[in-house]
Structure formats: structure tokens, C-alpha cells
Amino acid sequence: MPDIALRMGTAITSNDLARVRDVLPRLNPGDHLTITIEAADAHQADLVLKLLADHGLDYQSRGDSDGRTYHVIACRQETS
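This text gives an overview of the structure that appears in the document. All figures in this text were calculated on a predicted structure; none of them were measured in a lab.

If you check which residues of helix α2 (residues 45–54) are buried, you get Ala 45, Val 48, Leu 49, Leu 51 and Leu 52. The buried residues of α2 occupy an angular sector of 160° when the element is viewed end-on, so they sit on one face. The exposed set on the far side of α2, more than 90 degrees from its buried face, consists of Asp 46, Lys 50 and Asp 54. Summarising the contacts, the buried residues of α2 are in contact with α1 (14–23), β2 (32–38), β3 (58–63) and β4 (69–75). After α2 finishes, the residue Gly 56 shows a positive phi value of roughly 75°.

Spelled out as C-alpha cells, the structure:
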């Protein structure tokens, strides 16, 4: 499966969280989900991070060098 990218609006709503929740079952081990949020709204990422953690995904977050966007990259770990 190809990697999935989602862009959140200026405010993270229940619809945005539903979009994330809908793609999680399609993530296979090693697949990546990239969620892009406006940097000014990065304080809202806690809702998304909790959702990812609750579904057992590893994630890391980082800001872009342009200072305008914030990315959360999530991955389902390979099982051994």
C-alpha cells in the first residue's frame, strides 16, 4: 500500500479525527501516514497524537524549515 497523506484544516475538528481514524485500519506494517497541520495550529496536534497512540502507532513530529507547517509521521511497526 502506498503511504497516506492527510492535511488538516485551520482547526482540528471531529471530522478531521474521523478521517485519521478511517485510514488507520488500512495501514500495514511499514506503511506511513503523514498528517500536515498549519504550524500556528500545532498546539491542536495533541488530539491526533492521542488517537495514534491509542491505536498502537509509533509517530514523530517535526516542523518544516519554512516555519509554516507541522508534520506528524506515523507508522505501524513490523511484527516479528
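This is not the end of the story, as more comes after the structure.
Mapped onto the fold, Asp 41 is located in the loop between β2 and α2. Buried and without a salt bridge, Asp 41 has Arg 7 as its closest oppositely charged side chain, separated by 9.2 Å. If we skip the residues at most four places from it in the chain, Asp 41 touches Gly 9 and Thr 10.

Attention now goes to the nonpolar core. Counting 22 residues, the largest nonpolar core has Val 20, Leu 24, Leu 33, Ile 35 and Leu 52 as its most contacted members. When contributions to this core are tallied by element, the ones reaching two or more residues are β1 (4–7), α1, β2, α2 and β4. The greatest single-element share of this core, amounting to 5 residues, is contributed by α2. With residues near it in sequence (within four places) discarded, Ile 35 still touches Leu 6, Met 8, Val 20, Val 48, Leu 52, Tyr 70, His 71 and Val 72.

Conventions adopted
- Position numbers for residues count from 1 along each chain, tracking the sequence in the order it is written.
- It should be noted that, the model being predicted, local features are given only for residues of pLDDT at least 70 and side-chain atom pairs only at 80 or more, the latter also being counted only at that level, while totals for whole chains, interfaces and linings use all residues.
- Heavy atoms from the whole structure form the basis of all side-chain values; hydrogens and water molecules are not counted.
- Note on classification: 1.4 Å probe, protein chains only; a residue is buried when its accessible area is under 20% of the maximum for its type, exposed when over 50%, partly exposed between these limits.
- In this description a helix means any DSSP run of H or I spanning at least four residues, a strand means any run of E spanning at least two, and both kinds are numbered starting from the N terminus.
- This arc is built from the directions going out from the helix axis to the C-beta atoms.
- Only heavy atoms enter the contact rule, under which two residues are in contact if any of them lie within 4.5 Å.
- Charge counting treats Lys and Arg as positive and Asp and Glu as negative, with His and both chain ends excluded.
- We define a salt bridge as a side-chain nitrogen of Lys or Arg found within 4 Å of a carboxyl oxygen belonging to Asp or Glu.
- In this text, buried Ala, Val, Leu, Ile, Met, Phe, Trp, Tyr and Cys residues form a nonpolar core when linked through side-chain atoms within 4.5 Å.

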